[in-house]
Amino acid sequence: MRTCDVVIIGGGPAGLAAAVSAKENGIDDILILERDRELGGILNQCIHNGFGLHTFKEELTGPEYAGRFIEKVKALEVPYKLNTMVLDISNEKIVTAMNKEEGLFQIQAKTVILAMGCRERSRGALNIPGYRPAGVFSAGTAQRLVNMEGYMPGKEVVILGSGDIGLIMARRMTLEGAKVNVVAELMPYSGGLKRNIVQCLDDFDIPLKLSHTVVEIKGKERVEGITLAQVDSNNKPIPGTEEFYSCDTLLLSVGLIPENELSRGMGVEMSPITSGPIVNESLETNIEGVFACGNVLHVHDLVDFVSEEAKAAGKNAAEYVKRNENVGQVTDSGTVCLEEQVIELVPTDGVRYTVPSTIRVAKMAEELTVRFRVGAVYRNAFIGVYFDEERMIHRKRLMMAPGEMEEVKLKKEQLGKYPNLQKITVKVEAE
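Model, not experiment: these values are computed from the prediction.

Draft legend 1. Here's a closer look at the environment of R222. Mapped onto the secondary structure, R222 falls in the loop between β14 (212-218) and β15 (225-230). With relative accessibility at 32%, the residue R222 sits in the partly exposed group. The sequence separation of R222 and A134 amounts to 88 residues, and the corresponding C-alpha distance is 4.5 Å. If we ignore the near neighbours within four places in the chain, the residues touching R222 are P133, A134, G135, P153, G154, D248 and T249. Of the polar contacts made by the side chain of R222, one reaches the backbone oxygen of D248; its length is 2.8 Å. Separated by 3.1 Å, the side chains of R222 and T249 make a polar contact.

Following this line, the structure appears as structure tokens:
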């Protein structure tokens, strides 16, 4: 069994940025394992622009953004294996994987960075009645078919769900000559970015029906149409509100779920809200030396934030390797810092979760970005951050919505002034 300092699971935007960061922070023994035929992950099928404004200060397409990081990985000579499926990771950080060339093989890692990204919810999770005709696709599958494989899924389209992929595919299908009849959304607000609603729906006169869902799919061999109905406050269809739309294609854009089967298998503690790992300020899970970043941790709305987070994970993984080398192989992690101040982050009053969940002040960076999402649409509200009972941040936001991530920044110097601090509460306040 070969050993490796840092094994990165996934060669998408998170894995690439983490690899570059680990290398730049002094670790040479790195390996990226990617199950697809090329690096870049989901970005390869995202041919629209809007990427890179934060990271590169210019607007790029998805493949261009991925290409920048792939060039860095190759320039730094970071090894990677493509078409390689990771089957299992033990809590001793033994990675079991397989590919065509080597068959089944194992690697003993000193650190593991989880960067597997996320997947789409399927129709099965929605319980839509009807047969299983051809023409029902997830929006991401349709995106890959159109942008990478050169196939058109259909000519007359209805989209269920107003997540960013669904909104972007409404525009993409229109540009390719299809007729998008309607985008329906179960919630009373859109799950996508405001700019995507404007650029992908409003600019093409595609109607968005909020508080609506598909209650029936018509067609046995191929989709012939769908029935939409309005839903009440409990998301139950209201009788008498049904509308029929003819279509040959139904695209589902009903949410993304972090891809965490491997994480669960190795015993990583998971958040019931994000369906991703619970991490501390170093993006380290409850298993020492196992880090998580990007959409496997929580679903991001901008890839620039994925890269920023992955950069921190790569740096922290590098520091973990160097720290353990310095103290020798016989190390008891409990003796490193006997009285370590650990602060719990508590989301409440409209804030659904925070990443990270805990902060060890001794190990945090000089400035830490805490990211979170709200659970509803708020206008002219405030973000409040409390150190125990004392309010430290009170910031007005004209608009907050579940589709857009929020953040606050905490400074190590500031936390150091509160040696007995037990918890930091993040909430939405009316005034």
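There's plenty left to go through after this.
Draft legend 2. Representation of the side chain of N316 in the model. Here N316 is to be found in helix α7 (residues 303-326). On the basis of relative accessible area, N316 is assigned to the buried category, the value being 14%. If we skip the residues at most four places from it in the chain, N316 touches E281, S282, L283 and F291.

Draft legend 3. Quick look at the side chain of S253. Tracing the chain through its elements places S253 in the loop between β17 (249-252) and β18 (256-258). There is a polar contact of 3.0 Å between the side chain of S253 and the backbone nitrogen of G166. If we ignore the near neighbours within four places in the chain, the residues touching S253 are A139, L160, G161, S162, G163, I165 and G166.

Draft legend 4. Representation of the packing of helix α1 (residues 13-24) against helix α2 (residues 62-75). Interaxial distance between α1 and α2 falls to 9 Å at its minimum, and their mutual angle equals 35°. Here α1 and α2 pass one another in a crossing that is left-handed. Contacts between α1 and α2 involve L16, A17 and V20 on the former and, on the latter, A66, F69, I70, K72 and V73.

Draft legend 5. Up close: the pattern of salt bridges. The final tally for this structure, using the stated rule, is 24 salt bridges. Here D28 and K23 are joined by a salt bridge, their closest N and O atoms 3.2 Å apart. Judged by its relative accessible area of 57%, D28 falls in the exposed class. Between E319 and K315 there is a salt bridge; the shortest N-O distance is 3.0 Å. Here E319 and its partner K315 are both found in helix α7, four residues apart, which amounts to about one turn of the helix. Accessibility expressed as a relative area gives 32% for E319, which makes it partly exposed. On the basis of relative accessibility, which here comes to 36%, the residue K315 falls in the partly exposed class. A cluster of three or more residues bridged by salt bridges with shared partners is formed by D36, R37, E38, R144 and E149.

Calculation criteria
Per chain, the residues get numbers from 1 upward, laid out in the order the sequence is written. Side-chain atom pairs in this predicted model are given and counted only at pLDDT of 80 or more, local residue features only at pLDDT of at least 70, and totals for whole chains, interfaces and linings cover all residues. Only heavy atoms go into the side-chain values, all of them from the structure, while hydrogens and water stay out. Only DSSP runs of H or I reaching four residues or more are called helices, and only runs of E reaching two or more are called strands; each is numbered from the N terminus. Throughout, exposure labels follow a simple rule: accessible area from a 1.4 Å probe, protein chains only, divided by the maximum for the residue type, with under 20% read as buried, over 50% as exposed, and the rest as partly exposed. Should any heavy atoms of two residues lie within 4.5 Å, those residues are counted as being in contact. Counting of polar contacts relies on pairs of N or O atoms within 3.5 Å, with two restrictions inside protein: one atom must be capable of donating a hydrogen and the other of accepting it, and residues adjacent in sequence are counted only when both atoms are side-chain atoms. Between N-to-C directions, angles span 0 to 180 degrees; the directions come from axes that are lines fitted to C-alpha atoms, helices contributing only their stretch in contact. Left-handed describes a crossing whose near helix is turned anticlockwise from the far helix through less than a right angle; right-handed describes the clockwise counterpart. A side-chain nitrogen of Lys or Arg and a carboxyl oxygen of Asp or Glu constitute a salt bridge if their distance falls within 4 Å.

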